[in-house]
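Chain by chain, the residues:
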Amino acid sequence: MRAYRAKVVEPIHLPDRDEREANIEEAGYNVFNLDSEDVFIDLLTDSGTGTMSDEQWAAMMRGDEAYAGSDSFKRLQESVADVMGFENIVPAHQGRGAENVLYGVLVSEGDYVPNNTHFDTTRAHVVNNGGQPVDCPVDVAPDDPFQGNLDPEKVRELADEVGAENIPALVVTITNNSMAGQPVSVQNLRDAREVADEIDATFVIDACRFAENAYFVQQREAEFEGSSVAAIAREELSYADAIVMSGKKDALSNIGGFVGVRDDELFEHAKQRGILYEGFSTYGGLSGRDLEAMAVGLREAVTQPYIESRVEQVSELGDLLLDADVPIYAPTGGHAVYVKAEEFLPNIPREQFPGQVLVGELYREGGVRAVELGEFAFPGEDRPQLVRLCLPRRTYFREHLEHIAETFEKVGERRDELSGLEIVWEPPMEELRHFSAKLEPVE
């Protein structure tokens, strides 16, 4: 049952097939290069693409646009303290701005940064500051309820290999976006806290989807049966020294982010870096309206009706795809369904980007925009070849989900006719190539 009703609608348009053919070719077979008006259903990301509530829109009307000491910033501070347990925050224009602020302070040349699994911008910020990102995911069984967990023993082995003094930070991303949006248990966060103390590292939680993670904990971790999502959210974040937050995810806003820090000295360093890169420390590159939207959205994100509706819609899409014989990563995560591209297109070799082929064909067949998270996005890494179908919050309905499943069926009918892709241009920073690189079909 959906926990909301529509008060504003936007017409969308499905271009005819000839237009879609021309659009994807002109985009260099990279859907990041498509215009949004040419996309029928947009599953590229849930970052800032969702629908804000009437309460958020109402709050925006009282936005205080003062350069310093904004009342809107104070309201955001209060929300972060109440919902997430952090008193000291540095606002930023979005999550990667917050990453730049925190990792620019923590990470230096020659450092190593373990993570349950790095996502693209996190990896890029570590590399950009001279560090080496190291993925330490737990080895899981198919029925493990927390497949996004960090493996603390892998972190200890890394510390023995490179020296604990060269590991300034330990990061856990909740939910684990690169591991099919799978959740992390509270017990695993406690274990991460323990190993961070052992190696004297700052324990950072990437909290972009903290509310979705808390819902999975409520449903799957016996200790928290009967606990509220709000209480679990506070508990899971209580083990962190610092958090990085994209307000475009579980703060339900269209822009914004922040760093939360407990240590006063680290906070001061982060605040000064924030002033340099994002703006003064009470606006951080945001308008007062944006700060107000995040302040309200954080409180809405940890309400039971909202979070149930959010996660159940993702599960609903997963069920429709399974009914259409589409191989997906199961169980579904909190924000997206991940399709196993190598199984769906077994004739396309890994080096010819089966995930990116599938992404292009979804647009060609049904005007659906998804994103590849495999060899194209993470070159040279031993990761599964996945296509992420990321549902914007409070945006699409059952008819849209059915169209997505029907589009997969059409692509499947012609899978034997498809050829691979090769890159014909890419930017200098390989870690970010999937945002702008261009491809063409392999002859």
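Use the structure listed above.
Residues numbered from 1 in each chain as written. Predicted model: local features only at pLDDT ≥ 70, side-chain atom pairs only at ≥ 80, totals over all residues. Heavy atoms only, no water.

### With respect to the nonpolar core
And then number 1: Counting 58 residues, the largest nonpolar core has Met84, Phe210 and Leu298 as its most contacted members.
And then number 2: If one sorts the elements of this core by residue count, helix 8 (residues 210-220) sits on top with six residues.
And then number 3: Residue contacts for Leu298: discarding those within four places in its chain leaves Leu76, Ser79, Val80, Val83, Met84, Phe210, Met245, Asp250, Ala251 and Phe258. (Core = buried A, V, L, I, M, F, W, Y, C linked by side-chain atoms within 4.5 Å. Buried < 20%, exposed > 50% of the residue type's maximum accessible area, 1.4 Å probe, protein only. Helix = DSSP H or I, 4+ residues; strand = E, 2+ residues; numbered from the N terminus. Contact = heavy atoms within 4.5 Å.)

### Description of the packing of aromatic side chains
How two aromatic rings sit relative to each other is set out by the distance from centre to centre and by the angle between their planes.
And then number 1: Enumeration according to the criterion identifies seven aromatic pairs in this entry.
And then number 2: Between Phe32 and Phe435, the aromatic rings sit 5.0 Å apart at their centres with planes inclined by 70°, giving edge-to-face as the arrangement. Within this pair, whereas Phe32 is found in the loop between helix 1 (17-26) and strand 1 (41-42), its partner Phe435 is found in the loop between strand 13 (421-425) and strand 14 (438-441), the two being separated by 403 residues in sequence.
And then number 3: The class of Phe32 is partly exposed, set by a relative accessible area of 27%. (Phe/Tyr/Trp six-rings, centres within 6.5 Å; stacked < 30°, edge-to-face > 60°.)

### Describing the pattern of salt bridges
And then number 1: Scanning all chains against the criterion turns up 35 salt bridges.
And then number 2: Its salt-bridge partner being Glu268, residue Lys271 comes within 3.8 Å of it at the nearest N-O pair. Of this pair, Lys271 and Glu268 are both found in helix 10 (residues 264-277), three residues apart, which corresponds to roughly one turn of the helix.
And then number 3: One network of salt bridges, with partners in common, ties together Arg17, Glu21, Glu361, Arg364, Glu365, Arg414 and Glu417. (Salt bridge = Lys/Arg side-chain N within 4 Å of Asp/Glu carboxyl O.)

### Quick notes on the pairing of strand 5 (residues 169-173)
And then number 1: Among the five residues in strand 5, five count as buried, and that is most of the element.
And then number 2: Pairing of strand 5 with strand 6 (residues 202-206) involves five bridges; the strand directions are parallel. Bridge assignment links Val172 to a residue of strand 6, and that residue is Ile205.
And then number 3: Between strand 5 and its parallel partner strand 6, the chain crosses via helix 7 (residues 186-198), and the hand of that crossover is right-handed. (Pairing = 2+ DSSP bridges. Right-handed = clockwise from strand over helix to strand, strands pointing away.)

### Digging into helix 7
And then number 1: Helix length check: helix 7 (13 residues) gives 19 Å between terminal C-alpha atoms against 18 Å at 1.5 Å per residue, within 8%.
And then number 2: Looking at helix 7, one finds that the buried residues are Val186, Asn188, Leu189, Ala192, Arg193, Val195 and Ala196.
And then number 3: Against helix 6 (152-162), strand 5, strand 6, helix 8 and helix 9 (229-237) lie the buried residues of helix 7.
And then number 4: Count one or two residues on from helix 7 and you reach Asp200, which has phi positive near 55°. (Expected span 1.5 Å × (residues − 1).)

### Some details on the sheet that holds strand 12 (residues 386-390)
And then number 1: Judged by pairing direction, the sheet is antiparallel, and its three strands sit side by side in the order 9-12-11 without closing on themselves. Looking at the sheet topology across the chains shown, the edges are occupied by strand 9 (336-340) and strand 11 (371-373). Between one strand axis and the next, the sheet turns by 35° as a mean value, whatever way the strands run.
And then number 2: Pairing geometry for strand 9 and strand 12, over five bridges, is antiparallel. Looking at strand 12, one finds that Ala336 is bridged to Cys390. (Axes fitted to C-alpha atoms, helices over the stretch in contact; angles between N-to-C directions.)

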